[in-house]
Amino acid sequence: MTHPSYLMRAYARQPVSFTRGCGARLWDHRDIEYLDAIAGIAVTSLGHANVEIAHVIAKQARTLLHTSNVFSIDWQERLGERLCTLTGMEKAFFCNSGAEANEAALKLARLYGHHKKVAQPQIVVMENAFHGRTIATLTATDNPAKQQGFEPLLPGFLRVPFNDIEAVRLMAEQSSDIVAVLIEPVQGEGGIRVADAAYLQALRRLCDQQGWLLMLDEIQCGMGRTGAWFAHQHAGIIPDVMTVAKALGNGFPIGACLARGAVADLLSPGQHGTTFGGNPLACRVGCTVLDIMTRDDLPRRAAALGGRLLSGLREALAGHPDVVMIRGHGLMVGIELNRDCKELVGRALIEQRLLITVTRNSTIRLLPALICDDAQIDDIVTRLAALLSPET
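Residues numbered from 1 in each chain as written. Predicted model: local features only at pLDDT ≥ 70, side-chain atom pairs only at ≥ 80, totals over all residues. Heavy atoms only, no water.

Enquirer: Whenever I open this one, the environment of Val 56 confuses me. Can you help?
Expert: Counting through the fold element by element, Val 56 comes out in helix α2 (residues 51-61). Taking the C-alpha atoms as reference, Val 56 lies 8.4 Å from Leu 281; in sequence the two are 225 residues apart. Residues in contact with Val 56, not counting those within four places in the same chain, are Arg 284, Val 285 and Thr 288. (Helix = DSSP H or I, 4+ residues; strand = E, 2+ residues; numbered from the N terminus. Contact = heavy atoms within 4.5 Å.)

Given below as structure tokens:
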């Protein structure tokens, strides 16, 4: 007999409850071992139960958890400097999640527009995008299934095809109220779709010509996952606004909105805020994550592991009748099938003891931890090939 749950039905949860983890491995309540190929959806990039992170959390918890942003927070200042140095940005605003970071970016864009005397600022967003589940970020997201039931959505967004610079140029000709472009350099929830370097470079030039902000959502694709610290760095560009979260805390909630140039100093006291964001514990964890990633050169490791994973999958699944395309960038890999494959999440758990997700109904998404070893990457390939075998 199952007991009733007191939780809202916001998730279609799998009937597995994990009780402990180590690196890229998890164990359920029956002590059965699983291989994690999603890292908490690009969050635990340093692995589960990372010893150094656990030590820092315990030490800071015994020292000071929270004071509020009414006061100066030393760890917040340190993390802000570290992130700005890594990215070429100038100012940071800390919050608790990726959606909050994107919300801050959208508010910055509107504030920027009003400072330019634009009464109804418009923000260009992409088809297939995902930016969060607040009302503003949900509006920027292109997924009717996630938007349904929450109308009316907000005005002020213009949607164009992803990776199509001519569509953005055409939008510029049609609207004089555009103030910003918001884009993911790699669309994670959208099925691991990678923006071309030439496209990102052309967007940068167009934004400069038009006086728009180029705002990059690096919440899933940032923090070393694509083989660079941030995915846009492969294209050699610098955004005006950038958002980061997920792997920055390796499981501890933290997000950041970074900005440079004219928009960096737009916010004045009282225009935006957060109760918990940027507290000493979160920011000390963020600094430690950066320490470990730098020391162990994990962006470079992600590039090598991602190449191994992609080539292994392409070899193992070559000629598979259901596979449309295998695409990826570093340790962000998507296997697009020619059918709805949502049931594979549950089957992978039961049949292969493997954690995966499915996005856009037909793309298997893989986001392994950056600390995986070669054998674990090869094991992901082996288990996925078995899962997708026509004979099973």
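Enquirer: Please explain the packing of aromatic side chains as it appears in this structure.
Expert: Given two aromatic rings, one states the distance between the centres and the angle between the planes to describe the pair. Across all of its chains, the model carries two aromatic pairs by this definition. Taken together, a centroid distance of 5.2 Å and an interplanar angle of 85° make the contact between Phe 18 and Tyr 34 edge-to-face. Taken together, the residues span a long stretch of sequence, with Phe 18 in strand β1 (residues 18-22) and Tyr 34 in strand β3 (residues 33-36) at a distance of 16 residues. Judged by its relative accessible area of 31%, Phe 18 is partly exposed. Given the relative accessible area of 2%, Tyr 34 is considered buried. Residue placement shows Arg 20 over the ring face of Trp 27; its charged tip is 4.2 Å from the ring centre. The ring of Trp 75 has Arg 78 sitting right over it, with the charged end atom 3.9 Å from the ring centre. (Phe/Tyr/Trp six-rings, centres within 6.5 Å; stacked < 30°, edge-to-face > 60°. Buried < 20%, exposed > 50% of the residue type's maximum accessible area, 1.4 Å probe, protein only. Lys NZ or Arg CZ within 6 Å of the ring centre and 35° of its normal.)

Enquirer: Whenever I open this one, the layout of surface pockets confuses me. Can you help?
Expert: Gaps left between atoms are located by rolling a probe of water-molecule size over the structure's atoms. Each pocket or cavity is described by its volume, and for the second largest pocket that value is around 810 Å³. Lining the second largest pocket are 30 residues, with Gln 76, Ala 92, Phe 93, Phe 94 and Leu 267 sitting closest to its centre. Listed by contribution, the elements that provide at least two residues to the lining of the second largest pocket are α3 (74-87), β4 (91-95) and β12 (255-259). Per-element tally for the lining of the second largest pocket: the top contributor is α3, with five residues. Classifying every residue of the lining of the second largest pocket by side-chain character gives 14 nonpolar, 11 polar and five charged. (1 Å grid on protein atoms, 1.4 Å probe; cavity = no way out; pocket = protein on both sides within 12 Å on 5 of 7 lines; lining within 4 Å. Points joined across faces, edges and corners; volume = space filled by probe spheres on them. Nonpolar A, V, L, I, M, F, W, Y, C, P; charged D, E, K, R; others polar.)

Enquirer: Please clarify how unusual backbone geometry should be interpreted in this entry.
Expert: In most cases, non-glycine residues show a negative phi, while peptide bonds are predominantly trans. Across the junction of Glu 151 and Pro 152, the peptide omega takes the value 5°, indicating a cis bond. For Pro 152, the position within the fold is in the loop between α6 (144-147) and β6 (157-160). Positive phi outside glycine occurs at Ser 68, with the angle close to 90°. With respect to the helices and strands, the residue Ser 68 is situated in the loop between α2 and α3. The exposure class assigned to Ser 68 is buried, which follows from its relative accessible area of 19%. Positive phi, normally seen in glycine, also occurs at Lys 246, with a value near 40°.

Enquirer: Which parts of the structure should I look at to understand α3?
Expert: An α-helix turns once every 3.6 residues. As a result, residues three or four positions apart point the same way. Taking 1.5 Å per residue as the helical rise, α3 with its 14 residues ought to reach 20 Å, and the 20 Å between its terminal C-alpha atoms agrees with that figure. Looking one or two residues past α3, Gly 88 carries a phi angle of roughly 80°, positive in sign. (Expected span 1.5 Å × (residues − 1).)

Enquirer: When you look at the side chain of Thr 357 in this model, what are you seeing that I'm missing?
Expert: Structurally, the position occupied by Thr 357 is in strand β16 (residues 357-359). With a relative accessible area of 12%, Thr 357 lands in the buried category. Setting aside chain neighbours within four positions, we find Thr 357 in contact with Ile 38, Val 345, Thr 363, Ile 364 and Arg 365.

Enquirer: Hey, could you run me through the sheet that holds strand β7 (residues 178-183) in this one?
Expert: What links the strands of a sheet is backbone hydrogen bonding, and the strands pair in either a parallel or an antiparallel sense. Ordered by their spatial adjacency, seven strands build an open sheet running β4-β12-β11-β10-β7-β5-β6, and the pairing between neighbours is mixed. Edge positions in the sheet fall to β4 and β6, since each of these pairs with one other strand and no more. Across the sheet, the mean angle from the axis of one strand to that of its neighbour is 20°, orientation sign disregarded. Across the face of the sheet, helix α8 (residues 197-210) comes into contact with β5 (122-126), β7 and β10 (213-217) while running at roughly 165° to β7. (Pairing = 2+ DSSP bridges. Axes fitted to C-alpha atoms, helices over the stretch in contact; angles between N-to-C directions.)

Enquirer: For this particular structure, what's the right way to read helix α10 (residues 298-316)?
Expert: With 19 residues, α10 extends 26 Å between its outermost C-alpha atoms, agreeing within 8% with the 27 Å of an ideal straight helix rising 1.5 Å per residue. Buried within α10 are the following residues: Leu 298, Pro 299, Ala 302, Leu 305, Gly 306, Leu 309, Leu 310, Gly 312 and Leu 313. Down the axis of α10, the smallest arc covering the buried residues is 165°, so these residues share one side. Exposed side of α10, more than 90 degrees from the buried face: Arg 300 and Glu 315 are the residues found there. Residues of α10 that are buried in the fold lie against α9 (280-295), β13 (323-328), β14 (333-337), β17 (363-366) and α12 (374-387). (Arc of directions from axis to C-beta.)

Enquirer: I tried to follow the pattern of salt bridges on my own but got confused; where do I start?
Expert: Considering all chains together, one arrives at 24 salt bridges under this definition. Arg 347 is the salt-bridge partner of Glu 351, the closest N and O atoms lying 2.8 Å from each other. One end of the pair is Glu 351 and the other is Arg 347, both in helix α11 (residues 344-352) and four residues apart, which spans about a single turn. Assessed through its relative accessible area of 22%, Arg 347 is described here as partly exposed. (Salt bridge = Lys/Arg side-chain N within 4 Å of Asp/Glu carboxyl O.)

Enquirer: For this particular structure, what's the right way to read the environment of Phe 93?
Expert: Within the secondary structure layout, Phe 93 lies in strand β4. Classification of Phe 93 as buried rests on a relative accessible area of 19%. Not counting the four nearest positions on each side in its chain, Phe 93 is found in contact with Ala 104, Gly 255, Ala 256, Cys 257, His 272, Gly 273 and Thr 274.

Enquirer: What am I meant to see in a nonpolar patch on the surface here?
Expert: Taken together, the side chains of Ile 135, Phe 150 and Leu 154 present a nonpolar region at the surface, about 260 Å² in accessible area. Looking at where Ile 135 falls in the secondary structure, it is placed in helix α5 (residues 135-140). (Patch = residues over 30% accessible without salt bridge, like charges linked within 9 Å, V, L, I, M, F, W, Y side chains within 5 Å. Areas by Shrake-Rupley, 256 points an atom, 1.4 Å probe, with all protein chains shown as cover.)

Enquirer: Help me understand the sheet that holds β14, please; the structure alone is not making it clear to me.
Expert: In spatial order, the strands read β13-β14-β17-β16; together these four strands make up an open sheet with antiparallel pairing. Of all the strands in the sheet, the pair left with one neighbour each is β13 and β16. The sheet shows a mean angle of 25° between the axes of neighbouring strands, taken without regard to direction. When β13 meets β14, the two strands line up antiparallel, connected through five bridges. Bridge pairing links Gly 328 to Val 333 in β14. Seen against the sheet, α10 touches β13, β14 and β17 and runs at an angle of roughly 170° to β13.

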